[in-house]
Amino acid sequence: MTSSSTPGLARFNTLAAGEAAAALHEVCASAAWGSTVLARRPYATAEALFSTSDAAMAELSPEDLAEAMAGHPPIGRPKPGDPASAREQRGMAGASEELRTEMLELNLAYQERFGHVFLICATGATGEQMRDAVKSRIGNSSEQEREIVRTELGKINHIRLTRLVQDPPEQGA
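Definitions and limits used
Residues numbered from 1 in each chain as written. Predicted model: local features only at pLDDT ≥ 70, side-chain atom pairs only at ≥ 80, totals over all residues. Heavy atoms only, no water. Phe/Tyr/Trp six-rings, centres within 6.5 Å; stacked < 30°, edge-to-face > 60°. Helix = DSSP H or I, 4+ residues; strand = E, 2+ residues; numbered from the N terminus. Buried < 20%, exposed > 50% of the residue type's maximum accessible area, 1.4 Å probe, protein only. Lys NZ or Arg CZ within 6 Å of the ring centre and 35° of its normal. Salt bridge = Lys/Arg side-chain N within 4 Å of Asp/Glu carboxyl O. Arc of directions from axis to C-beta. Contact = heavy atoms within 4.5 Å. Axes fitted to C-alpha atoms, helices over the stretch in contact; angles between N-to-C directions. Parallel < 35°, antiparallel > 145°, perpendicular 65-115°, else oblique. Left-handed = near helix turned anticlockwise from the far one by under 90°. Nonpolar A, V, L, I, M, F, W, Y, C, P; charged D, E, K, R; others polar.

1. A closer look at the packing of aromatic side chains
Given two aromatic rings, one states the distance between the centres and the angle between the planes to describe the pair. This model, assessed by the stated rule, comprises 2 aromatic pairs. Between Tyr-110 and Phe-114, the ring centres sit 4.7 Å apart and the planes meet at 45 degrees, which makes this aromatic pair tilted. Here Tyr-110 and its partner Phe-114 are both found in helix H7 (residues 97-114), 4 residues apart, which amounts to about one turn of the helix. Under the relative-accessibility criterion, Tyr-110 is labelled buried at 0%. Classification of Phe-114 as buried rests on a relative accessible area of 13%. Among the aromatic residues, ring-to-ring pairing joins Tyr-110, Phe-114 and Phe-118 into one connected group. Arg-41 extends its terminal NZ or CZ atom over the ring of Phe-12, reaching a point 5.6 Å from the ring centre.

So, in structure tokens, the structure goes:
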């Protein structure tokens, strides 16, 4: 993404507020994050949009983070009918039944420990890398894990925002 404004970014900047809010909700389920990003339109560059996204993410309360996480399905079980979820979790698509079963067990153990789904920016990660990440993170304190989740959500938001403002928009992607 270049530092100049693109037709995709211009399209996002000129969406009606309700349409833009709905598009942002697809990026991140946190209402607080979406409100902040929406309120600062128009964006001169994609970098300005990313900067606002990062600042909004840094300000999220634990409750806002929980709301953002609630929009993400468990690793290995993408949301049916959600192409973003399926695309982001592509690394689990070819996983063996053994790895899928192990991820299910690890997801459940993680959720029991922290009270929310295991969240990782799965784009480009293999099933084994995701498994290793949950294994390494399950011993974290709640505070450590909350900050890791905040970072992972920020990465996911960047990927999704890039798709939102790319030009031309990909059909069915």
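2. A closer look at the pattern of salt bridges
Inspection of every chain in the model, using the stated rule, returns 6 salt bridges. Two residues, Arg-150 and Glu-147, come together in a salt bridge whose shortest N-O distance is 3.0 Å. One end of the pair is Arg-150 and the other is Glu-147, both in helix H9 (residues 142-165) and 3 residues apart, which spans about a single turn. Take Arg-150: its relative accessible area is 13%, and that puts it in the buried class. Taken together, the shared-partner salt bridges in this structure form one network comprising Glu-102, Arg-131, Asp-132 and Lys-135.

3. Topic: helix H3 (residues 31-39)
Note on helix geometry: an α-helix contains 3.6 residues per turn, so any two residues three or four positions apart are oriented the same way. Turning to H3, its buried residues number three or more, namely Trp-33, Gly-34 and Val-37. An end-on view of H3 places all buried positions within 95 degrees of arc, on one side of the element. In the core, the buried residues of H3 are packed alongside helix H2 (17-27), helix H4 (46-59) and H9.

4. Observations regarding the packing of H4 against H9
Working note: a packed helix pair is described by the angle between its axes plus the distance between those axes. Where H4 meets H9, the closest approach of the two axes is 10 Å, and the angle between their N-to-C directions is 150 degrees. In terms of axis orientation, H4 runs roughly antiparallel to H9. Here the hand of the crossing between H4 and H9 comes out right-handed. When H4 is examined against H9, the residues Leu-49, Phe-50, Ser-53, Asp-54, Met-57, Ala-58 and Glu-59 are found in contact with a partner set consisting of Arg-150, Leu-153, Gly-154, Asn-157, His-158, Leu-161, Thr-162 and Val-165. Partitioning the contact of H4 with H9 into residue classes produces 7 nonpolar, 5 polar and 3 charged.

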